[in-house]
Amino acid sequence: MRMLRIISVLVLVALLVIAGATPVLAQENQRSLFFYTRYPSQEATVGDTVTFKLTLGTETTPQIVRLDLRNVPNGWTATFRGDGRIIRSAYVEPNNNATFDLRIEPPADVKAGEYQMLAVATGVSQEVTLPIALILNEKTTNPAGLSFKVDLPTLRGSPSTTFRYNVTLKNESVEEVPVSLLAEAPRGFQVDFKLSGQSITSVPFGPNESKNLSVEVRTLTDIPAGTYEIGILARGGDLQATTRLVADITGQPQLLLTTPDGRLSGEVRIGEQTEVKLVVRNNGSAPAQNIELSASPPIGWTVEFEPKQIPELATNQMVEVTAKVQPSNQAIAGDYLVTFTARPADAAAATAEFRFTVLTSTLWGLVGIALIAIAVVGVGVAVMRFGRR
C-alpha cells in the first residue's frame, strides 16, 4: 500500500512538471527579439557626449520595433540615431539586424557619478530591455602639463568628406618637451596630423609654447552613416593630454544609370522615334532627391524622357525611365553616341553612353524602290516607242 502511494505521488509530480514545462517552452519560442550593445557600461568626462552603438534583431517575425529610453535624468538629452537622423523605431527581419546609435548628452553642470538608464525595444508581442550605465568623471586639469583646445570638436559630412579639426596644443610646463601625437579611430578611418601643411607624428615644444595643429580625418572604406568618435593623445615624457573628436557621417546617395539588360547600344531610323528603356538605381546609403534626366545627343537629334524628373529614390531602389530618341533628318547611316545623365540635387550625377546605329528609314527605301520602278517602266516605254520607228 505504501509503495502504491509513493508511485502515485511520483506520477503526479511528473505530470505537474510536464504541464509546467510546456507553457515555458512555448513562451521561449515566442521570444524572437534581441537587443544588445558590446559596451553597455562606459566612462566619460563631465561635458562629454557619449554614443552607444546598438544592435536590434529578430529571429522569426519581421516587424517594426518602437525605441525608448527610460530613467533619463532631468536636463539630459538622449536620442536614437540612424543614417544621421533621429529615429523613434526600427524595422527588423530575420538575418537583417538594425544597427543604430544612442547618443546621450548630459548638461554642462551635471555632477560626477554613475547614471543608470534602460533602453527599451517594443515589438509586436514582446518588449526587451537593455541596461545602460554611464560613469561620469570630474574634469582634471594639469597646470604643469599638456593641454588641448579644439575649436569645433564635432563635424558633419558625407563618407567622402575630409573632416578637418583645428586643434591648439600647449606645453604648460617650464621645460622643453618633444611631443608624440597618436590617434585612436574606428576601423576604416585614417587620421593625419599636420603643422603648417606638413604631415607630422611628433613635434618639439618649448616651455609654455602653444602650436596650432590640423587633424584631418578621412574614411578609407564605405562607412555607414552614424556618429564616430576619434581619440587624440599627445604624449611627451611623463606629460600627456587627450581629447575626443566626433565625425557625424550622414548618408550619401550613389546613382547608377544603365539599361534593364545592361546593353548600351541599339538602332534608330531617320524620321522615326525610338524608345530606349533606362534604369536609375540608388546604391548609396541615403535617398536621392529631385533627380533630373537629360541627354547630350548629336546636333539635330531630339531626346525626351518619361518621366523627366524623379522626386525621390530610396536606398537600394530603382526606377525605369523611357528615353524617346529621334535622329536628325540629315543624319547619315553610321554609329552615333548619346550620353544620358541622371543628376540628383544632393549628390554626384550618373551617366551612361549609348551607341546608336542609324539606319535608312523604311519610307525612304520604299520611295527609292518606287523611283527605280518608275525609271525601269520609263525606259521600257521609250524602248518600245522608239524601237517601232
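Above this text is the structure in question.
Residues numbered from 1 in each chain as written. Predicted model: local features only at pLDDT ≥ 70, side-chain atom pairs only at ≥ 80, totals over all residues. Heavy atoms only, no water.

Caption draft 1: Molecular detail of empty space enclosed by the protein. Counted according to the given criterion, the structure contains one cavity of 30 Å³ or more. Each pocket or cavity is described by its volume, and for the largest cavity that value is around 30 Å³. Around the largest cavity sit R81, G82, D83, G84, D101, R103, G226, T227 and D248, which together line it. Looking at the lining of the largest cavity, the elements that each hand over two or more residues are strand 5 (77–82), strand 8 (98–105) and strand 19 (226–236). (1 Å grid on protein atoms, 1.4 Å probe; cavity = no way out; pocket = protein on both sides within 12 Å on 5 of 7 lines; lining within 4 Å. Points joined across faces, edges and corners; volume = space filled by probe spheres on them. Helix = DSSP H or I, 4+ residues; strand = E, 2+ residues; numbered from the N terminus.)

Caption draft 2: A look at the environment of V280. On the secondary structure map, V280 appears in strand 23 (residues 274–282). As a C-alpha pair, V280 and I291 span 11 residues in sequence and 9.4 Å in three-dimensional space. When sequence neighbours within four positions are dropped, the list of residues in contact with V280 reads L255, L256, L257, L293, I310, L313, Q317, M318, V319, V321 and A342. (Contact = heavy atoms within 4.5 Å.)

Caption draft 3: Molecular detail of the sheet that holds strand 13 (residues 163–171). Across the sheet, which stays open at both edges, the five strands sit in the order 11-13-18-15-16 with antiparallel pairing between neighbours. Pairing within the sheet leaves two strands with one partner each, and these edge strands are strand 11 (146–150) and strand 16 (198–200). For this sheet the average axis-to-axis angle between neighbouring strands, irrespective of direction, equals 40°. One ladder, built from three bridges, connects strand 15 (residues 189–195) with strand 16; its direction is antiparallel. Its bridge partner lying in strand 16, K194 is registered against S199. (Pairing = 2+ DSSP bridges. Axes fitted to C-alpha atoms, helices over the stretch in contact; angles between N-to-C directions.)

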